[in-house]
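Secondary and tertiary structure notes
The chain contents come next:
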Amino acid sequence: MHTSRAAGGTLAMMAILLFSGCDSNRPAVSTAPQAQPDAAVPADDMPQEFKASIFMSADVERTGDVSPSAGASRSVDADGWREVGRSTRLGDPLPGLDAADLARFAEGRDEFEEIDTVKEGLGPLFNEASCGTCHDAPRGGTTGRVETRFGRVGPNGFDPMVEYGGSLIQDHAIGLVQVGDQHFIYVPETVPAAATVKTGRLTTPLFGLGLVDAVDDATLLQLARLEARYLPATQGTPNLVTEISTGATRVGRFGWKAQVPTLHQFSGDAYLNEMGITNPDFPEESAPQGDHAALAFNPFPTLNDDGGNVDKFFDFMRLLAPPPRGRRSFASEAGGAIFVASGCASCHTPNLVTGNSPVPALSRKVFHPYSDFLLHDMGALGDGIVQGQASGRQMRTAPLWGLSARPSFLHDGRARTPHAAILEHGGQGLTARNRYLRLRVYERYALLAYLKSL
Ligand code: HEC
Ligand code: HEC
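This one's a predicted model, so the numbers in the text were calculated from it and none came from an experiment. (Residues numbered from 1 in each chain as written. Chains lettered and ligands numbered in written order. Predicted model: local features only at pLDDT ≥ 70, side-chain atom pairs only at ≥ 80, totals over all residues.)

On to the overall build of the chain, then. Helix and strand counts for the chain come out as 13 helices and 14 strands. Within the chain, the fraction of its 454 residues that count as buried is 49%. Sequence separation of 24 or more characterises 71% of the internal contacts of the chain that already satisfy a separation of 6 or more. (Helix = DSSP H or I, 4+ residues; strand = E, 2+ residues; numbered from the N terminus. Buried ≥ 20, exposed ≤ 12 C-beta atoms within 10 Å, placed from the backbone. Contact = placed C-beta atoms within 7 Å.)

Close to ligand 2 lie 27 residues, the nearest being C344, C347, M395, A398 and F409. Where the shell around ligand 2 is concerned, the elements lending two or more residues are α11 (418-423) and α12 (430-438). A total of 3 residues in the shell around ligand 2 trace back to one element, the largest contributor, which is α11. Partitioning the shell around ligand 2 into residue classes produces 16 nonpolar, 11 polar and no charged. (Near = placed C-beta within 6 Å. Nonpolar A, V, L, I, M, F, W, Y, C, P; charged D, E, K, R; others polar.)

Take the environment of V191 next. By secondary structure assignment, the location of V191 is in the loop between β7 (182-186) and β8 (197-202). Once you skip the residues sitting within four places of it in the chain, V191 turns out to touch T148, F150, I169 and K198.

Packing of helix α8 (residues 263-275) against helix α9 (residues 308-318) brings their axes to within 9 Å, and their N-to-C directions diverge by 125°. With respect to α9, the axis of α8 lies oblique. The chirality of how α8 crosses α9 is right-handed. The segment α8 lies against α9, with L263, H264, S267, G268 and Y271 engaging N309, V310, F313, F314, M317 and R318. When grouped by side-chain class, the residues that make up the contact of α8 with α9 number 6 nonpolar, 4 polar and 1 charged. (Axes fitted to C-alpha atoms, helices over the stretch in contact; angles between N-to-C directions. Parallel < 35°, antiparallel > 145°, perpendicular 65-115°, else oblique. Left-handed = near helix turned anticlockwise from the far one by under 90°.)

Here the focus is helix α4 (residues 99-113). Along its 15 residues, α4 runs 21 Å from first to last C-alpha, staying within 8% of the 21 Å computed at 1.5 Å per residue. All of the buried residues along α4 are D101, R104, F105, G108, R109 and F112. Along the axis of α4, the buried residues cluster in a sector spanning 135°; they form a single face. Those residues of α4 that are exposed and aimed more than 90 degrees away from the buried face are A99, A100, A103 and D110. The inward-facing, buried residues of α4 abut α5 (131-134) and α9. (Expected span 1.5 Å × (residues − 1). Arc of directions from axis to C-beta.)

Moving on to the confidence of the model for the chain. Mean pLDDT for the chain: 87, with 83% of residues reaching 70 or above. Considering only residues more than four positions removed or in separate chains, one finds that residues 1-39, a stretch of pLDDT under 50, has 76 contacts. Segment residues 57-78: pLDDT under 50, and 49 contacts once partners within four positions in sequence are set aside and those in other chains are kept. (pLDDT = per-residue confidence, 0-100.)

With that settled, the discussion passes to the pairing of strand β3 (residues 146-154). Relative to β8, β3 runs antiparallel, the two sharing 6 bridges. For V146, the partnering residue across the bridge sits in β8 and is L202. In this structure, the hairpin formed by β3 and strand β4 (residues 157-159) is closed by a connection of 2 residues. (Pairing = 2+ DSSP bridges.)

Right, let's get into the sheet that holds β8. The sheet built from 3 strands is open, its strands ordered β4-β3-β8 with antiparallel pairing. At either margin of the open sheet sits one strand with a lone partner, and together these are β4 and β8. Going from strand to strand, the sheet's axes swing by 40° on average, the running direction of each strand aside.

Surrounding ligand 1, one finds 25 residues, the nearest of these being N127, C131, C134, F254 and G255. Elements represented by at least two residues in the shell around ligand 1 include exactly α5, α8 and α9. Tallied by class, the residues present in the shell around ligand 1 amount to 13 nonpolar, 7 polar and 5 charged.

Here the focus is the nonpolar core. Counting residues in each nonpolar core, the largest one holds 65 residues, and the members touching the most others are F313, F316, M317 and L320. For this core, the secondary-structure elements that each account for two or more residues are α4, β2 (125-126), α6 (209-213), α7 (217-230), α8, α9, β11 (352-353) and β12 (365-367). Residue contributions to this core peak at 6 residues, all from α8. Two domains each put at least three residues into this core: domain 1 (2-83 + 216-239 + 325-439 + 447-452) and domain 2 (99-200 + 264-304). Excluding residues within four positions of it along the chain, F313 makes contact with G108, E111, F112, C131 and S267. Counting 22 residues, the second largest nonpolar core, distinct from the first, contains C344, W401, F409 and L451. (Core = buried A, V, L, I, M, F, W, Y, C linked by C-beta atoms within 7 Å. Domains from an automatic or database assignment.)

With that settled, consider the packing of α4 against α9. The geometry of α4 relative to α9 is characterised by a closest axis approach of 7 Å and an angle of 115° between their N-to-C directions. α9 is crossed by α4, and the crossing has left-handed handedness. Here R104, F105, E107, G108, R109, E111 and F112 of α4 lie close against α9, whose contacting residues are N309, K312, F313, D315 and F316. Here the residues of the contact of α4 with α9 sort into 4 nonpolar, 2 polar and 6 charged.

As structure tokens, this is what we get:
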């Protein structure tokens, strides 16, 4: 009982910290006492509550009890934050949805899995004909499909080579098109010879992303401020990008570089860039290899989707449950402490909270993505592509939940095991990687068991 009280209290305190902005009165980062660059658990003056938010998760998850009655949060907020419901199988909807949301989930899932045709606007260039082709195994997950991005670094910095169809390659095309007595053949794009950067992008799983979508921008900005003050060696940076539908500046959080701010926007983005289907936020067909003249033969030149299907993808993804936890054992429980002591939790944040959401199952929840959704300089592991404010070396902390169901790891899928993924950490991740290398055999075993259990 004691643990549940403590957990409830610390989470509530973390929430106070995240939402009250109490850190803003503190001295600026430069005058703050700096933590040793090598310290996993830095400065003694780090507030207990922030330590807890980063470093504690097992207790909360074990008891599942973070209700206000379990701790001191009653005075903070009558609703408190509650542990999110977990499904038992990957691909299930969030537990506790009402009938209307369950119907939306099912309808969205059908559209997500549907194979689109040229008549429906597919192409002229595309990567696959259905979201489900890449986000599957099981549905909503990832088949391990890797896409290609390219660009070049010139005197003015990174150039996505838009005039060659960059930076994303579409590797499928609709082929022969007959317009009157003329015909035209659309062919897949290739990386132009002038490109100096070429990289893979692994398909990410979509489980639990409704929770990530429901995190307030202020929460991520506050987390970035707290990291800057208390974990300066590994501090993350928000990728501030434009929300297309409103024109507002938002905190990006989706994609390998946190380049997209909302799940709804990603739906429209993917519909155009993966399938060639134009929609309200993305009304312009992408020109084949950058050649706008080739669009004269586009068999479906008007807006392909009025936004209805984008809404359906969004419904499905938003209501998709977070991954269930994997097998837990004595070793995996011990591994949690090693994860923290090695400095992994400084970027792979165990606990986050959502703000208010119209969907009760997403509203004011504590969940465990093992990511701060911020950018970190990863040294040579960076993919060289610039997106939004993310530089070539910066990548979003990859969420570690559901790791045991993944076929490959890192942005280009180069790692076949979590062990191999850890060894590739450079830049701000180098110290943690080196700590991992120095672990004793059984410590390493426990840490890897922990990762598999997330
Ligand atoms: C050809 C394979 C492919 C298809 C088809 C595809 N995706 Fe993806 N998806 C990817 C890849 C690769 C990424 C990582 C993108 C990046 O960061 O550059 C991704 C990322 C995402 C993300 C962000 C996930 C995260 O972790 O932040 C969302 C959301 C998403 N896709 C939704 C969709 C939807 C909706 C569709 C259908 C309209 C779709 N995708 C079709 C390959 C695909
Ligand atoms: C400085 C921040 C930082 C630290 C510290 C850190 N990581 Fe990471 N981690 C990242 C980033 C960023 C990525 C994504 C890299 C990429 O884009 O390929 C990542 C990716 C991973 C992946 C691959 C996940 C996937 O979806 O492909 C694993 C596994 C992982 N980290 C485990 C660890 C472990 C274990 C530790 C501690 C020994 C650790 N990380 C420390 C930032 C960090």
